[in-house]
Structure formats: C-alpha cells, structure tokens
Amino acid sequence: MDTKAEVEDGRDKKTTLVKKCLLCTGDMLHLDTLLQEQWWVLQLLVWGLRGVTRVILANNPLSGVLIMAALFWDSPWQGVLGSVGVLCSTLTAIITGQDRFEVRGGLHGFNGMLVSLLMGVFSSAGDWYWPLLIPACLGSATCVLLFSSLSPLLDRWDLPVAVFPFNLTIVLFLLCNGPQHPYFPRHWAVPPGAEDVNATQLSILQFLQGIPLGVGNIYGCSALGPSLLILGAVLLYSPLLAIHALLGSAIGALAGLSMGVRHSCLYTGLSGFNGALGCMVVGGLFFTFSWRTHLFAIASAFFSAYMDIALSNLLGTVGLPACSWGATIVGTLMMLMTGTLKAYRIPTGQVKSPEQNLRSQNQWEAGSPSDRESTDV
Amino acid sequence: MDTKAEVEDGRDKKTTLVKKCLLCTGDMLHLDTLLQEQWWVLQLLVWGLRGVTRVILANNPLSGVLIMAALFWDSPWQGVLGSVGVLCSTLTAIITGQDRFEVRGGLHGFNGMLVSLLMGVFSSAGDWYWPLLIPACLGSATCVLLFSSLSPLLDRWDLPVAVFPFNLTIVLFLLCNGPQHPYFPRHWAVPPGAEDVNATQLSILQFLQGIPLGVGNIYGCSALGPSLLILGAVLLYSPLLAIHALLGSAIGALAGLSMGVRHSCLYTGLSGFNGALGCMVVGGLFFTFSWRTHLFAIASAFFSAYMDIALSNLLGTVGLPACSWGATIVGTLMMLMTGTLKAYRIPTGQVKSPEQNLRSQNQWEAGSPSDRESTDV
Amino acid sequence: MDTKAEVEDGRDKKTTLVKKCLLCTGDMLHLDTLLQEQWWVLQLLVWGLRGVTRVILANNPLSGVLIMAALFWDSPWQGVLGSVGVLCSTLTAIITGQDRFEVRGGLHGFNGMLVSLLMGVFSSAGDWYWPLLIPACLGSATCVLLFSSLSPLLDRWDLPVAVFPFNLTIVLFLLCNGPQHPYFPRHWAVPPGAEDVNATQLSILQFLQGIPLGVGNIYGCSALGPSLLILGAVLLYSPLLAIHALLGSAIGALAGLSMGVRHSCLYTGLSGFNGALGCMVVGGLFFTFSWRTHLFAIASAFFSAYMDIALSNLLGTVGLPACSWGATIVGTLMMLMTGTLKAYRIPTGQVKSPEQNLRSQNQWEAGSPSDRESTDV
C-alpha cells in the first residue's frame, strides 16, 4: 500500500511539474490575469517583453527575457538601444491612446525595438554614441503612428500590420543620412549581387553556421552564441515555430547559393533571415499546421528569400538594406491567397502559438468545443 | 421551283457556313460544353490556349493556336519557353486549388507565359540554354501565387488582376541577376530617353513598320511576319479589338516621337505595345464601345505610352525594363474612373469580346433580354 | 434719446460692417447661391479661384485673387501657367462629367494648377517658352483622370484625394525628359543631403526669411513679397490655418537643420513647405482644433519634413524633386490614425474652415444644433 501511494504521489508531483513547465510555454495569457493588480511598472515590463518576442513572431515574456539576455551578451549597446526602443514605443502607444489589448499584447513594442536596433547596426559612429538615442526614440514613436495608421487599411482584408512600420521607418531614417553625415553617419549597404572581391571556395562549415545566424539576424545579431539563445527562446514559446525558423533560414541560404550571392551574406546569415520569417508565418502561426501548410511554408520561405535578394539588389544601388521587406510582403501575400491554403487560415484575432492553434482546430473538428476561443469560431 | 429551291438551298448553305465561321470567333464558350466529356489532356490544352490569348486580352483557343505558331515561327526556343510557362502556371493553379472557372478560362496561364517569354528575351545566354527552364517554371508558379493573392485586394473595386503578377515577377527575377551573373546573365535594359549614339534622320518606312511590331511586342516578338500573324489572331477573336490594337500602337509611336525617344525604340515597336494594350482595355473590352469610349481609349493609349516612357527611364537607371507596367496601371485607373466613362463600364465578371459586349448592351437597351447574361444585369 | 439712438445706430453700422467683412472670410458658400443665376464664365472664374486656394488647403475666391496676384507679381509667366492649369483641368472635369459639387468647390482645379506651375519651375528653357503650354494642358487634364480614379480607392477609408494626382503627374512628366531633352529640357534636382560646396556659417537672417518663403514655396514661389501676400490670403480665409502654416514651415526648417541639409534649402524655404502642409492638415482643418490636435499637428509637421528629406534624397539620385509627397503621405496617414486623434477627426465631406469646424463642434457639444450641417452629424 505504501509503495503504491508513493508511486501515485510521485506521479502527481511529476504531472504538477510538467504542468508548471507548460505554463511557461505558449502565449502565457494566464500571466495577464495574475498581473492585473500589480504595479504598473511591472505590467509595462511584461508588455515590453512580449513586444521583444513579437519581433520573431512569438509572444511570451520569458522568451523575451532570454532574447534580451542574448542581445546584451552580443553587444551591451545594442541591448540598451533595443530596450529604449521597445519602451519608448510602448509608452507612445499609451500616451496616444492606442487600443489597450494591443498594448498589453506587446503589439506596439516590436516595431520600435527593431528600428532602434537597426539604427545601431547601421550606424558607423561606433558603440555608445549617445546622440543616436534621439532618432531611436523618435523612430520608435513614429512606428506607433504608422502602426495605428496602417491597421485600418490592412484590417479590411484581416491582415496584420506586421513589421511594415519598422521597414518604412528605418528606410526613411537611412535615406535622411549617409556615410558622410555630420550627425548620424552610417554604413553603405552592399547589395548581395555585388561582385565578390575576396571570393574563395565555399566553406561548408561557415555555410552551416550561417543557418542559426540567420535566426539571430532577425534581431540584427550576428554572433553564434546569442543566435542560439534566441533560437532557444523561440523553442520555449513553440517547438514548431523554432523548427520552421531553422528550416526557413536553411532555405534562405540555399536560395542565396542558387543566385550566387556574395559568400559573406551566406556566412553571416543575412541570406537566411527573410526565409526564416517567411517560413514561420505560414508554418503553423497564421495557418493551422498540416503537411499542406508545411509545403506552402517551404514555398513561402523560398519566395521570401528570392524577393529579399531582388529588393536588396534594388535598394543596394542607393546604399540601403532591404531589411525584412521580402518576408513581410510575401507573408502578407500568402495570407491573401485563395484556394487550398485559405482553408487553413486562422483569423488574425485568434492567432495563438502554433501548438495551441493546432489544438483549437482539433477540438473544433472533434465537435467538442471545450476551449472558449474555439466556440467563438 | 427548282431554281428557287436551289437558291434557297444555296442561301441556307451560305448561312450555315457563315454561322460555322462565326462559331470560331469571339469567346467560343460553346467549346467548353463540347469538351466536358473529353480527355483531361485535351481540356488542359484548350485552357492553355485560352491563356495564350489572354495576354493580348483575347479569349479564343483558335487564336491561341495562331499565336503559338507565330511564336514558334519567330523563334522555336521562345515557343518552347512560352509553352512551358503557360502549362506550368495552369498546372500550379490546379494543384493549389484555384477556382475552376478561372482555370478553364485561361486566367492562370497568361501571366506565367509572359514571365517565361520575357526571361528568354532578356537572357543573354542565347537560345536553348536549358537551365533557364528552372526559373521559368518557378516564375510561372509564382505568378499563380500572386494572382491568387492580388485578386482579393482588387476585387473590392471590381478590378481584374490583369498582368500585375507578370510585371512583379519579371522585375524581381531581373533584379536577382545581372549582366555578369554566373547562372542567368541578362541584357541591361537601356532607357528610351538615353542618348541616341547612332541618331540619324527618322526613316518613315521603319517608323510605320514599328506599328504592327508594337502588337507583336506584347509577346516580346519583334519580327514583322509573326507580329502580323498575332494581329490576325486578334482579328479572328474580335475585329474591334484588332483595330484598337493597331491604333494604340500608332498612338504609342507618336507619343514616343513627341518625347524624342531613341529611334530604335520606335522601329522595334517597343514604344507602341503599352499604347496598344491601354487602347484595347478601354476601347470595347471593359467598356461598351461607343464614340465616347473610343475617345477615352485614345486618351488611355496616350497616357499608357507616356507612363511607359517615364517608367522605362526610371527603371532603366538600374537596367530594368518597364514591361507593361504603364498600360496595366493606366488601364486599372481608367476602370476606376468616375463620371461619363463609368456609365459604359462592364462588370468584370460579364466581360466578353467587344462585339458580344456591344450586342448584350443593345439587347439590354432594347428591352429584349434574350441573352442569359444580360438578364442578370 | 437722440444720443442713445445714435449710439445704437453706430453699433448697428459697426456690426453690419463686421458682418460684411466676415462674409469675405471662411468658405464663402453664400457666394454660390448668389452666382447661381449669373453668367457661366463668371461661375467658372469663381470655381477656378476656389481651385487656386485649394492648393494651400483654403477655399475662398477672394484669397484666390490675392494668390493669383502674388504669382503674377513673382513672375508673369508662372501666373499664366497657373491660370492655364487651373482652367484646363476644371474644363476637363466638366467635359468628362465629373461630380458638379466637386467642380464647384474647385476640387478639380488645384492639382492641374500645381502641375503647370511646377513644369514652369523645373523647365530650363526659360520664361515665355510657349511649347510648354502643351504638356501643361495635357498634364492638367491627366490630373482630373487621376483624381477621378483615386477617389473610389481612397473613399473606402474616407480619405481625400489631396495632391496625389499632382505628385504622380509631375514625377511622370519629369521622368519623361531630362536636362538634354530636345523639346522640354529641365533642371536636375539636387538632393538636400548632397554635399554643400559653398558651405559657410549659417546666416540667421536668411534662415528666418526662409520660414515665410516656405509658405510661398507651396506654389513654387521663392520671393519674399509674394510669399507674404500668399500668407495674407490664407489669413483672410482662416487665421488659425495661417498660424499653422507659419509654425509648420518653421518646424520644417528646424528638421532640415537637425539633419544638416544644404543651407540653400533652408534659405529658399524648400525645407519648410512640406512641414507647413503637414501642420495645416492636422491643425484645425481635418481635425477639430484643440491643444491635443495642436500637439499632433506639430508631430505631423516634423514627420512630413523628415519624410520630405528622405524622399528628396531618394528621388534626387535620379534628379527628381520630392514635391509634396512627404506632406501628402503623412497627412493621409494621420487621418487614418486610431486612438486619441480619431475622436477629433471631421468626416471629409463636412470639412470647412478651421474656425467654422470649431464652431460646429462647439454647437454640437452644447446641444444646440442650430447649424444645418451639424444636425446632420
């Protein structure tokens, strides 16, 4: 009797542990109810951390902590810039009276964070150049304005605003200055199709290393350790999303290889990050995961990567980077697509982590709508 | 009595002959019912041939045969590329579950065909460079994706997708490579406003020859014989459309002359094809033919041609052609126009050949809606 | 008794005088009823003069007279071009059957006028080059087509067409020709970020002079006297609008200073006019005036000015000016914005002068909807 009870006790403990661990994955919406009566600053922190993960299509404050750690590990200055960006845009959203649920979900933080990070990446003034915080703050605030303006436009087709505000703002900022700018000098972006001066035999090892780096490059980070930590943060949110991120980055690298881009683009992961984003959008996030959506995710990754090469060559003629225009445009187009793919589309307001999307769908199909969200369908 | 019977018999035979001939003109929708129980491959062939004619705004399988003959006559390699393009995109549409009526009407073939043809035209690797079939197939498939994505956007204003997918895809492909590209080298497009090195007196004969060549240039074909055959194919579909094609091409050449473009643009028909397309869209196809729409068609041709010169000069700075962007944008704008022109607009779903449009309109106005479609109005 | 009656009489006279003066300010809609039975040419003149003021977001025929005087004062040739443009586009609108109320409100005149004026400004053929009237007329007519096509697109979001037709047409025209063009040679636009060859110490006086010049630059006018007269015309229509014009121009100059643009841009007012337009749109015209909208107007002015610098640098690489793209895009985005600002948005069809907007709002809030328009709300 004693041993049986002990075994049962052990089982219970194990289940409780697993349940506790599972509480830290996915969207962690239970945290919002927990925080409702806490200090406002703590709430703001969680909103900001959600915003940090929104960049990579996740939504989990713990993943946000890991990603911030990765950014500070890669470069403390970039960490500071990212923090300023996400806080500044979240605060602007609160001041200008944006929708409370959007602010709480971190939807007003990620564009501002990316703008700040990329301003740092493209600045040629070096680290700890404090005046850069002025355009970082203004740029983050501009993202809120653009997010708020673009959403009524895109809502008509139930499309998310995604990173359009970031892409617009950073291109405008970079156009305002140049390599010889007196206040904010910047690097001149070299198109991937430019002639490779130091062209040597392709190194397989560096090529393979470029695949995880492609995931890190979504945050403008090009060191291996932090990139793996970022990948870990995605894994915490959703294993399915992490797999698609790696797969997409590999596809992007292959696309780059097939178009003969400069080797440095392959090695640093620049070829991969648009593919990764394009793959994640279709593979499980905005579409219920299945073998069909998986095939479409692969197609989306290829298309995103090729569009990135095309746009980088175009914008590179005036020294601009293509940022994530490729993945953003292709992802938006995939969501508009009619035919087979449309049957798997999840309404934008009901998108959760890929695993939860899959569960909602299964419950709905099984005719046992125990989940509150799925009954709304 | 005998002679009278003979005459009547002769008349009957003549009427039957005329009726049989008339069966080969216009949209030939009766063919679809005939084919319903035939082999799938035969059906696919007809869908493909309809797609071939959709490029020039027609919709008639026999015209498609003539156009394919013209392409093979001009260059067998271009004929192969065109066939691959139209088949590949039609098959992609079937696999990705696009609307059956759209596939049957050839709406998923023409963009893919154009992409393949233009890849051949701009390739500097010469004829029978087999690796080009890879991007040709991928590009054709991409057109289906873009067609399917853009249609929900444009449907809101009852606009057709037209050749937007082709224009987007070919520009992206050409941006991905360049004259020194290791796999897919291409010609560098020279803007029409560039200085004319071999500028001589304008040859009237070559200028006039450029007008029918403008019609052939819609398929990237710049030989006189095939161009005339293509014009004949349009004539078979609808004489009104053929007249507007020639008129538009002439207007385009005049617009080119007025802006002092390079003479080679005028002689090869490159100045004319946007004007031709712009003229055809308004003159009878999407608008009921009348003297008012005829005037608007002339205005549309001029505007298309000027916009083509402007866009060619802009895109030419990075070595890109303007393809049919000019005519596509202007045609779309004309369909949006309010005022007098709007009264003549035919809803996109009810567009048939110009002659049939005119007949439907007359019957509708006469109050005798014997035509099934016109009762739906 | 006598003195009392005299005083009352004097008061009455004074009130009548003030009322008469007030009749000349604002939208002067009473003029339309007065003119209803007058000669058609007189009506056309008033429609044209309303169109002239629409450029600077006003709507008052008397202001139109002042502005035409300013243009003829600055350069008689520019005055002729402007008159041709406004008349040509208004007549095109009548011929193509555009909405009568739009034509009467001058909505079909201002784009054509701007196109003609800017063709003159950028022409390097000198004054009184008569052939320029051909593209001026064609360009003005094109603006009507574009206005009529873009309005169904923008109506979906209750957005005004604004100066999109002008910006599109002038860019297309300038792309068609170049500095060595045989018929219509033009100046090559220098981007504001280009290196300043004659860079000297900033002259405060010239900088301050650039602020009113920024208002004049909306009409392509860069002399101080005419610019002040234009500002006076705005003051006649609405003091609130005039203050925002000056404020916006000053903000634009500050933005230019912060990005280190060439000094000539600051001195000639080129840095200021986008800021002025961006400030006027939000400050009182399309939004009810309040301290909140005033802050948003300042933000809009900064954003317009920075976007102008960015776009000027981009388009300057191919020798094109950014015209008023910056202010037009930012203004449109501000009107789409959700959150606090949305509560102050006035439906496009009910927009009047800032003062009248404010009065309508107050009456509506006071619950005494004596004004006909406000009861419709």
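Residues numbered from 1 in each chain as written. Chains lettered and ligands numbered in written order. Predicted model: local features only at pLDDT ≥ 70, side-chain atom pairs only at ≥ 80, totals over all residues. Heavy atoms only, no water.

## Examining the overall build of chain A
- A count of helical and extended segments in chain A gives 18 helices and zero strands.
- Over its C-alpha trace chain A gives a radius of gyration of 21 Å, about what one expects of a compact globule, namely 21 Å for 377 residues.
- Here the C-alpha coordinates of chain A stretch approximately 80 × 45 × 45 Å along the principal axes.
- By residue count, 56% of the 377 residues in chain A fall in the buried class.
- Restricting to contacts in chain A with at least 6 residues of sequence separation, those with at least 24 account for 71%. (Helix = DSSP H or I, 4+ residues; strand = E, 2+ residues; numbered from the N terminus. Rg over C-alpha atoms; globule rule 2.2 N^0.38 Å. Buried < 20%, exposed > 50% of the residue type's maximum accessible area, 1.4 Å probe, protein only. Contact = heavy atoms within 4.5 Å.)

## Structural notes on the interface of chain C and chain A
- Each partner contributes residues to the interface: chain C has 22 residues there, and chain A has 22 residues.
- Taken together, the two surfaces of chain C and chain A that pack against each other cover about 2,000 Å², and 72% of this comes from carbon and sulfur.
- Linking chain C with chain A are zero salt bridges, by the criterion used here.
- Taken together, the connections running from chain C to chain A amount to nine residue pairs in polar contact (both at pLDDT 80 or more).
- Among the elements of the structure, α12 (239-258), α15 (291-316) and α16 (325-336) of chain C are those that each provide at least two residues to the side of chain C that touches chain A.
- The leading source of residues in the side of chain C that touches chain A is α15 of chain C, at eight residues.
- Looking at the side of chain C that touches chain A residue by residue, the classes come out as 14 nonpolar, seven polar and one charged. (Buried area = accessible area lost by both parts, 1.4 Å probe. Salt bridge = Lys/Arg side-chain N within 4 Å of Asp/Glu carboxyl O. Polar contact = N/O pair within 3.5 Å; in protein donor to acceptor, adjacent residues only side chain to side chain. Nonpolar A, V, L, I, M, F, W, Y, C, P; charged D, E, K, R; others polar.)

## A word on the relation of the copies chain C and chain A
- Note on the copies: chain C fits chain A at an RMSD of 0.1 Å, the axial shift is 0.0 Å, and the rotation between them is 120°. Seen this way, the second copy is the image of the first under a three-fold rotation axis.
- The residues that chain C uses at the interface reappear at the interface of chain A in only 9% of cases, marking distinct surfaces. (Least-squares fit on C-alpha atoms with pLDDT ≥ 70 in both.)

## A look at the environment of V103 of chain C
Residue and element names in this part refer to chain C.
- Structurally, V103 can be placed in helix α6 (residues 100-104).
- When the C-alpha positions of V103 and R50 are compared, they lie 9.7 Å apart, and in sequence the two are 53 residues distant.
- Apart from residues no more than four positions distant in its own chain, V103 is found in contact with W47, T90, A93, I94, Q98 and H108.

## Side note on the state of the cysteines
Residues and elements named next belong to chain C.
- As enumerated under the stated definition, the model contains zero disulfides over all chains in all.
- You can see C143 has no disulfide; the closest cysteine sulfur is in C88, sitting 9.9 Å from it.
- By relative accessible area, which is 2% here, C143 ends up buried. (Disulfide = S-S within 2.5 Å.)

## Notes on the relation of the copies chain A and chain B
- Between the two copies, chain A and chain B, the superposition gives an RMSD of 0.0 Å; the rotation angle is 120° and the shift along the axis is 0.0 Å.
- The two copies present different faces, since only 9% of the interface residues in chain A are matched by interface residues at the equivalent positions in chain B.

## Remarks on the confidence of the model for chain A
Residues and elements named next belong to chain A.
- Here chain A averages 89 in pLDDT, while 94% of its residues score no lower than 70.
- Highest mean pLDDT in chain A belongs to helix α5 (residues 76-95) (96); lowest belongs to helix α18 (residues 372-375) (40).
- In this model residues 369-377 is a low-confidence stretch, pLDDT under 50, and it forms 13 contacts with partners more than four residues away in sequence or in other chains.
- Predicted complex, confidence summary: ipTM 0.89, pTM 0.91. (pLDDT = per-residue confidence, 0-100.)

## Describing the packing of aromatic side chains
- Applying the stated criterion to the full structure yields 28 aromatic pairs over all chains.
- Plain terms: the ring middles of F173 of chain B and F184 of chain B are 6.3 Å apart, the flat faces sit at 55° to each other, and that makes the pair tilted. Taken together, the positions of F173 of chain B in helix α9 (residues 164-176) and F184 of chain B in the loop between α9 and α10 (204-216) put the pair 11 residues apart, joining distant regions of the chain.
- Take F184 of chain B: its relative accessible area is 11%, and that puts it in the buried class.
- Measuring from ring centre to ring centre gives 5.4 Å for W77 of chain C and W130 of chain C, while their planes differ by 80°; the resulting arrangement is edge-to-face. Taken together, the residues span a long stretch of sequence, with W77 of chain C in helix α5 (residues 76-95) and W130 of chain C in the loop between α7 (110-122) and α8 (133-155) at a distance of 53 residues.
- Classification of W130 of chain C by relative accessible area gives partly exposed; the value is 48%.
- Ring pairs connect the aromatic residues W77, W128 and W130 of chain A, which therefore count as one cluster.
- Positioned above the aromatic ring of F101 of chain A, the side-chain terminus of R104 of chain A is 5.9 Å from the ring centre. (Phe/Tyr/Trp six-rings, centres within 6.5 Å; stacked < 30°, edge-to-face > 60°. Lys NZ or Arg CZ within 6 Å of the ring centre and 35° of its normal.)

## Description of the nonpolar core
- Core analysis: the biggest nonpolar cluster contains 287 residues, and I56 and Y219 of chain A, I56 and Y219 of chain B together with I56 and Y219 of chain C have the highest contact counts within it.
- Setting aside chain neighbours within four positions, we find I56 of chain A in contact with I67, V215, I218, Y219, I230, V234, L241 and M280 of chain A. (Core = buried A, V, L, I, M, F, W, Y, C linked by side-chain atoms within 4.5 Å.)

## Description of helix α4 (residues 61-74) of chain A
Residue and element names in this part refer to chain A.
- For α4, built from 14 residues, the straight-helix expectation of 20 Å at 1.5 Å per residue is met to within 8% by its first-to-last C-alpha distance of 20 Å.
- Contact partners of the buried residues in α4: α2 (30-35), α3 (40-54), α5, α7 (110-122) and α11 (224-237).
- For α4, the side-chain oxygen to backbone nitrogen distance between the N-cap and L62 is 2.8 Å, and the N-cap itself is N60. (Expected span 1.5 Å × (residues − 1).)

## Here we look at the packing of helix α4 (residues 61-74) of chain B against helix α5 (residues 76-95) of chain B
All names here are of chain B.
- At a closest axis distance of 5 Å, the pairing of α4 and α5 adopts a crossing angle of 140°. Accordingly, the angle class assigned to the pair α4 and α5 is oblique. The residues of α5 that touch α4, namely those facing M68, L71 and F72, are P76, G79, V80 and S83. (Axes fitted to C-alpha atoms, helices over the stretch in contact; angles between N-to-C directions. Parallel < 35°, antiparallel > 145°, perpendicular 65-115°, else oblique.)

## Examining helix α16 (residues 325-336) of chain A
Residues and elements named next belong to chain A.
- Here α16 contains 12 residues, and its C-alpha end-to-end distance of 17 Å stays within 8% of the 16 Å for a straight helix at 1.5 Å per residue.
- Counted residue by residue, α16 has 11 buried out of 12 residues, so it is predominantly covered.
- Among the residues of α16, W325, G326, A327, T328, V330, G331, T332, L333, M334, M335 and L336 are the ones counted as buried.

## A few points about a nonpolar patch on the surface
Residue and element names in this part refer to chain B.
- There is a patch of nonpolar side chains on the surface, built from W39, W40, V41, L42, L45, L87, L91, I94 and I95 and spanning about 950 Å² of accessible area.
- Put simply, the parts of the chain that give the nonpolar patch at least two residues each are α3 (40-54) and α5.
- Residue position: L42 is located in helix α3. (Patch = residues over 30% accessible without salt bridge, like charges linked within 9 Å, V, L, I, M, F, W, Y side chains within 5 Å. Areas by Shrake-Rupley, 256 points an atom, 1.4 Å probe, with all protein chains shown as cover.)

## A word on the environment of T328 of chain B
Residues and elements named next belong to chain B.
- Checked against the element boundaries, T328 lands in helix α16 (residues 325-336).
- By relative accessible area, T328 is classed as buried at 6%.
- Sequence separation of T328 and N274 is 54 residues, and the distance between their C-alpha atoms is 8.4 Å.

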